[in-house]
Amino acid sequence: MKDLSGSRALVVGGTKGIGRATALALAARGAAVTVVGRDPVAGAATASALRAAAGTGEFLAADLSLLSEVRCLAGAVRERTDRLDVVVHSADALMTRRVETAEGLETGFAVNFLSRFLLNQLLADLLRAAAPARIVHVAAAGAKGRFDATRVPPGPGTSAFRAHLLGQHANDVYAVEFAARHAGQGISVSVLNPGFVDTGIRRTDPRLRPLMRLMERALRSRMRTPEQTAAVVVRLATDPDLDGVTGALFGPDGTRLPVPPTTAAPAARAELWARSERVVGAVPAPTVATREDHRI
Ligand SMILES: NC(=O)c1ccc[n+]([C@@H]2O[C@H](COP(=O)([O-])OP(=O)(O)OC[C@H]3O[C@@H](n4cnc5c(N)ncnc54)[C@H](OP(=O)(O)O)[C@@H]3O)[C@@H](O)[C@H]2O)c1
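Residues numbered from 1 in each chain as written. Predicted model: local features only at pLDDT ≥ 70, side-chain atom pairs only at ≥ 80, totals over all residues.

Caption draft 1: Spatial organisation of the overall build of the chain. Per the secondary structure count, the chain includes 9 helices and 8 strands. Computed over C-alpha atoms, the radius of gyration of the chain comes to 18 Å, within 12% of the 19 Å expected from 2.2 N^0.38 for 296 residues, which places it in the range of a compact globule. A principal-axis box enclosing the C-alpha atoms of the chain has dimensions of 50 × 45 × 40 Å. For the chain, the proportion of its 296 residues judged to be buried stands at 48%. The contacts of the chain with a sequence gap of at least 6 include a subset with a gap of at least 24, amounting to 77%. (Helix = DSSP H or I, 4+ residues; strand = E, 2+ residues; numbered from the N terminus. Rg over C-alpha atoms; globule rule 2.2 N^0.38 Å. Buried ≥ 20, exposed ≤ 12 C-beta atoms within 10 Å, placed from the backbone. Contact = placed C-beta atoms within 7 Å.)

What follows is the structure in structure tokens.
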């Protein structure tokens, strides 16, 4: 096990599920870990488990469906550190009905793609300061089929389900483009498809529960634990054998997946980046956190 003493890690969506298990696994190796989520009870419990493992650890509250809160979160992170060795994105919202945020965006797409895009932009200099640094997106790497970047952001006619698929594919396309744009800067990015993992993600929307219960019963023997998946995430985030590997996609056991031509297509990558930048707005100067409940 690589000793991570002295390393700083941010695990977004680290209060539950795969993110929480990853945060604890990083802390067990000595990293100072900050987790992000909305649930103050789960956040405080995770922070206390991090402190028990590594002597340090913190929870920052943010609703990632709101880009204003993502900006605020970036400010709070910057108040605490001037370097990040690892950023893990593991937040997602599975929803059956389209719900728009107060900022006019489809909620799931805002959480599982746009918040990641914006946060990486706002914290890129902290990652450069720790180079070689790594970003790991826990998503659904390996989406096939045409990626239509002109559907970003998903408009009013797009269902929550389609917006979710678009967001998952966008993470792959984004990773390939991020790698190209950050070549030589010491920040690598990868995307993991965790497979079927025993977390609460399928229980967050009550309308999904009956269907998901059936699915879980049928696939129970193939289900992984969050800890098994966390071990793969930690490998992607820290394994020296992966030094210099970037823009890469990985399957549930950490095997590298081929990047489909539709994901690597330069025109789609450029269009996704330009549209995402337009949506999140010009990246502002680092802000100072204003939410008191960031400190828990
Ligand atoms: N589990 C699976 O079988 C599976 C399969 C394929 C892909 N994945 C992917 O794996 C990743 C992790 O999933 P998981 O199964 O670990 O899910 P999970 O157990 O539901 O955890 C999701 C995390 O995201 C946070 N989150 C959700 N909405 C948020 C919001 N609006 N603002 C801030 N934080 C938010 C939650 O924290 P709070 O509740 O505190 O906000 C929680 O920490 C996701 O990207 C998911 O798509 C999972």
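Caption draft 2: Main features of helix α4 (residues 107-129). Compared with an ideal rise of 1.5 Å per residue, which puts 23 residues at 33 Å, α4 spans 32 Å between its outermost C-alpha atoms and is within 8% of the ideal. Along α4, the helix axis deviates most sharply at Leu123, where the bend reaches about 55°. With 19 of its 23 residues buried, α4 lies for the most part within the structure. (Expected span 1.5 Å × (residues − 1). Bend = angle between axes of the 7 residues up to and from the residue.)

Caption draft 3: Representation of the site of the ligand within the structure. Close to the ligand lie 31 residues, the nearest being Gly13, Gly17, Gly37, Asp39 and Thr199. Going through the elements one at a time, α1 (17-28) and α4 are the ones with two or more residues in the shell around the ligand. At 3 residues, the largest contribution of residues to the shell around the ligand is made by α1. Here the residues of the shell around the ligand are counted per class, giving 14 nonpolar, 12 polar and 5 charged. (Near = placed C-beta within 6 Å. Nonpolar A, V, L, I, M, F, W, Y, C, P; charged D, E, K, R; others polar.)

Caption draft 4: Layout of the nonpolar core. In this structure, Leu26, Val33, Leu73, Val88, Leu123 and Val233 are the most contacted members of the largest nonpolar core, which totals 88 residues. Tallying contributions element by element places α4 first for this core, with 13 residues. With residues near it in sequence (within four places) discarded, Leu73 still touches Val36, Leu60, Ala62 and Leu119. (Core = buried A, V, L, I, M, F, W, Y, C linked by C-beta atoms within 7 Å.)

Caption draft 5: Broad picture of the pairing of strand β4 (residues 86-89). Residues Val86 and Val88 point to one face of β4 and Val87 and His89 to the other, with burial holding for every one of them. Both strand β1 (residues 8-12) and β4 contribute to a ladder of 4 bridges, which runs parallel. From the neighbouring strand, Val12 faces β4, where its bridge partner is His89. Summarising the sheet, β4 and strand β5 (residues 133-138) pair through 4 bridges and their orientation is parallel. Note that in β5 the partner of Val87 across the bridge is Ile135. In this fold, β4 hands off to α4, which returns the chain to β5; that crossover is right-handed. (Pairing = 2+ DSSP bridges. Right-handed = clockwise from strand over helix to strand, strands pointing away.)

Caption draft 6: Structural detail: unusual backbone geometry. In the segment running from Ala131 into Pro132, the intervening peptide bond is cis, with an omega of 0°. Tracing the chain through its elements places Pro132 in the loop between α4 and β5. Pro153 follows Val152 through a cis peptide bond whose omega is -5°. The topology assignment puts Pro153 in the loop between β5 and α5 (160-181).

Caption draft 7: Main features of the packing of α1 against helix α2 (residues 40-54). Packing of α1 against α2 brings their axes to within 8 Å, and their N-to-C directions diverge by 20°. Judged on the interaxial angle alone, α2 and α1 are roughly parallel. When the axes of α1 and α2 are compared, the crossing they make is right-handed. The segment α1 lies against α2, with Arg20, Ala23, Leu24, Ala27 and Ala28 engaging Thr46, Ala49, Leu50, Ala53 and Ala54. Split by residue class, the contact of α1 with α2 holds 8 nonpolar, 1 polar and 1 charged. (Axes fitted to C-alpha atoms, helices over the stretch in contact; angles between N-to-C directions. Parallel < 35°, antiparallel > 145°, perpendicular 65-115°, else oblique. Left-handed = near helix turned anticlockwise from the far one by under 90°.)

Caption draft 8: Highlighting the sheet that holds strand β2 (residues 32-37). Taken together, 8 strands build an open sheet; the order of strands is β3-β2-β1-β4-β5-β6-β7-β8 and the sheet is mixed. The open sheet has two edge strands, β3 (58-61) and β8 (256-257), and neither has a second partner. Note: strand β6 (residues 187-192) against strand β7 (residues 248-250), 3 bridges, orientation parallel. Paired with Val191 across the two strands is Leu249, which belongs to β7. Those strands touched by α5 are β5, β6 and β7, and its axis lies near 160° from that of β6.

Caption draft 9: Expanded view of the packing of α1 against helix α7 (residues 226-238). The interhelical angle for the contact between α1 and α7, taken along N-to-C directions, is 60°, at an axis separation of 8 Å. On the basis of the axis angle, α1 is oblique to α7. Judged by the twist between their axes, the crossing of α1 over α7 is right-handed. Contact with α1, carried on its side by Gly17, Ile18, Arg20, Ala21, Thr22, Ala25 and Leu26, involves Pro226, Glu227, Thr229, Ala230, Ala231, Val233 and Val234 of α7 and no other residues of that element. Class assignment of the residues belonging to the contact of α1 with α7 gives a composition of 9 nonpolar, 3 polar and 2 charged.

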